[in-house]
Amino acid sequence: MANITASTSLALPSATPQDPAVLAALGFLIRYDGHTLRAYTLDLQTWFGWCVAHQLNPLEVKRVHVELFARELATRLAPATVARRIGTVCGFYKMAVIDGILEVNPAAHVRRPGVSADSPTLGLSHLQFEAVLVAARAQPRDHALIVLLGLLGLRVSEACNIDITDLSHEHGHRVLRLIGKGARPALIPLPPLVCRALDELIGARTDGPLLLSNYGNRLDRKGAARIVKRVACDANIPQHISPHSLRHTMVTTMLDAGVDLRDVQIAARHTDPKTTLRYDRARQNLDRHPVYRLAAFMAGSG
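Parameters and conventions
Residues numbered from 1 in each chain as written. Predicted model: local features only at pLDDT ≥ 70, side-chain atom pairs only at ≥ 80, totals over all residues. Heavy atoms only, no water. Helix = DSSP H or I, 4+ residues; strand = E, 2+ residues; numbered from the N terminus. Buried < 20%, exposed > 50% of the residue type's maximum accessible area, 1.4 Å probe, protein only. Contact = heavy atoms within 4.5 Å. Core = buried A, V, L, I, M, F, W, Y, C linked by side-chain atoms within 4.5 Å. Expected span 1.5 Å × (residues − 1). Pairing = 2+ DSSP bridges. Axes fitted to C-alpha atoms, helices over the stretch in contact; angles between N-to-C directions. Salt bridge = Lys/Arg side-chain N within 4 Å of Asp/Glu carboxyl O. Phe/Tyr/Trp six-rings, centres within 6.5 Å; stacked < 30°, edge-to-face > 60°. Parallel < 35°, antiparallel > 145°, perpendicular 65-115°, else oblique. Nonpolar A, V, L, I, M, F, W, Y, C, P; charged D, E, K, R; others polar.

A. Layout of the overall build of the chain. The helix and strand tally for the chain stands at 14 helices and three strands. Looking at the chain residue by residue over its 302 residues, the buried ones come to 42%. A sequence separation of at least 24 residues applies to 57% of the contacts in the chain between residues at least 6 apart.

B. Region of the structure containing the nonpolar core. The biggest cluster of nonpolar side chains holds 42 residues, and the ones touching the most others in it are Leu 145, Leu 148, Leu 154, Leu 210 and Leu 211. Those elements that provide at least two residues to this core are helix H6 (126-136), helix H7 (140-150), helix H8 (156-160), strand S2 (173-179), strand S3 (185-189), helix H9 (192-202) and helix H10 (221-234). The residues touching Leu 210, leaving out its near neighbours within four places in the chain, are Leu 148, Ile 162, Asp 163, Ile 164, Leu 198, Leu 201, Ile 202 and Arg 205. Judged by nonpolar contacts, the second largest core, of 29 residues, contains Tyr 32, Trp 47, Phe 48 and Val 61.

C. Layout of the side chain of Asp 142. Within the fold, Asp 142 resides in helix H7. The class for Asp 142 is buried, based on a relative accessible area of 3%. The contacts of Asp 142, once residues within four sequence positions are left out, are Ala 136, Ile 227, Arg 230 and Val 231.

D. Quick peek at helix H5 (residues 79-98). An ideal rise of 1.5 Å per residue puts 28 Å on 20 residues; H5 measures up with 28 Å between its terminal C-alpha atoms. Those residues of H5 lying buried are Val 82, Ala 83, Arg 85, Ile 86, Thr 88, Val 89, Cys 90, Gly 91, Phe 92, Tyr 93, Met 95 and Ala 96. At its buried positions, H5 is contacted by helix H2 (20-29), helix H3 (34-53) and helix H4 (63-74). The first or second residue beyond H5 is Gly 100, which carries a positive phi of 80°.

E. Geometry of the pairing of S2. Alignment of strand S1 (residues 167-170) against S2, held across four bridges, turns out to be antiparallel. Bridged to Leu 167 within S2 is Leu 176. Linkage of S1 to S2, two consecutive antiparallel strands, is achieved through a turn of two residues, within which His 171 is found at a positive phi near 55°. The pairing of S2 with S3 spans five bridges and is antiparallel.

F. Seen up close, the sheet that holds S2. The sheet built from three strands is open, its strands ordered S1-S2-S3 with antiparallel pairing. For this open sheet the edge positions go to S1 and S3, each flanked by a neighbour on one side alone. Along the sheet, successive strands turn relative to each other by an average axial angle of 40°, direction set aside.

G. Examining unusual backbone geometry more closely. In the Ramachandran plot, Gln 55 falls in the positive-phi region, its phi being about 55° despite a non-glycine side chain. Relative to the assigned elements, Gln 55 resides in the loop between H3 and H4. In the Ramachandran plot, Asn 236 falls in the positive-phi region, its phi being about 60° despite a non-glycine side chain. With respect to the helices and strands, the residue Asn 236 is situated in the loop between H10 and helix H11 (243-256).

H. How the structure looks around the pattern of salt bridges. If you walk through the whole model with that rule in mind, you get 10 salt bridges. Residues Asp 43 and Arg 84 are paired through a salt bridge, measuring 2.5 Å at the closest nitrogen-oxygen approach. On the criterion of sequence distance, the pair formed by Asp 43 in helix H3 and Arg 84 in helix H5 is long-range, its members being 41 residues apart. Judged by its relative accessible area of 35%, Arg 84 is partly exposed. Arg 269 is the salt-bridge partner of Glu 158, the closest N and O atoms lying 2.9 Å from each other.

I. Just the packing of aromatic side chains, in detail. Tallying each qualifying case throughout the model produces 10 aromatic pairs. Centre to centre, the rings of Tyr 32 and Tyr 40 are 4.8 Å apart; their planes meet at 85°, and the pair counts as edge-to-face.

J. Just the packing of H7 against H10, in detail. Two elements in contact, H7 and H10, have axes whose closest approach is 10 Å; the angle formed by their N-to-C orientations is 95°. With respect to their mutual orientation, H7 and H10 come out roughly perpendicular. When H7 is examined against H10, the residues Arg 141, Asp 142, Leu 145, Ile 146 and Leu 149 are found in contact with a partner set consisting of Ala 224, Ile 227, Val 228, Arg 230 and Val 231. Tallied by class, the residues present in the contact of H7 with H10 amount to seven nonpolar, no polar and three charged.

K. Expanded view of the packing of H7 against H11. Running from N to C, H7 and H11 cross one another at 50°; their axes reach a closest spacing of 7 Å. In terms of orientation, H7 and H11 fall into the oblique class. On H11, the residues touching Ile 146, Leu 149 and Gly 150 of H7 are Pro 243, Leu 246, Arg 247 and Met 250. Of the residues assigned to the contact of H7 with H11, the class counts are five nonpolar, one polar and one charged.

Here it is, written out as structure tokens:
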């Protein structure tokens, strides 16, 4: 809590933990941790800094001020980044209303820039992912990381935070329990390929982090990114690949395989099906257009 308060105070001159704006920010940020907390803290620091530069109290702004902030951001940042930052500001004020600090959310009706429905990274093709899996088998840790990211679609922070004790058996399935984005718990069944990779990695260990660094500590995000980059290079993948690219690969490959959108959304743990649709590489493929299914169904009526 002290770290959250300190980082939030950076944008407010002479702010203290009792400053109303800091308390409001703390009330919003305290619900998050990890990468989400860092991203939201940066967004609020940017907003608070803008308010200070324009001699505004963050708790006394009007909608027009947030609109001007968004327009200024749009001159130097990508639309998706602007939309996320305005979303954070809106969420901050929404929580301030819930907490009784404000009566009205000044960001509630601020227009956000449109974001292309096309995902900037669709991940690997089916054959490329197979090549990555083969290249990763040389090292049990690398193989386990790749299957966690590419077959289960875990976020890199989720994979790094797994402990051996998070693995268990339930209802006849080998499963993984984790706390995902937004502090939402998840129960994920483990396919045989994943089980074999994890068992080879774990060996005789019974507790501790699942993924270890070369120094015996818990593998972190940077270490995982280096592994993915090296394995992709070994597999002769020409494009830049990050851990999140493998999550994209899982979602895209499921959709390419014809898995129902709702089932893919559940597997990816997306709260909005529109997010899942952004990954659909074949959505522009006219061979799959639903009018053909309708025509085939009604063929006997012609």
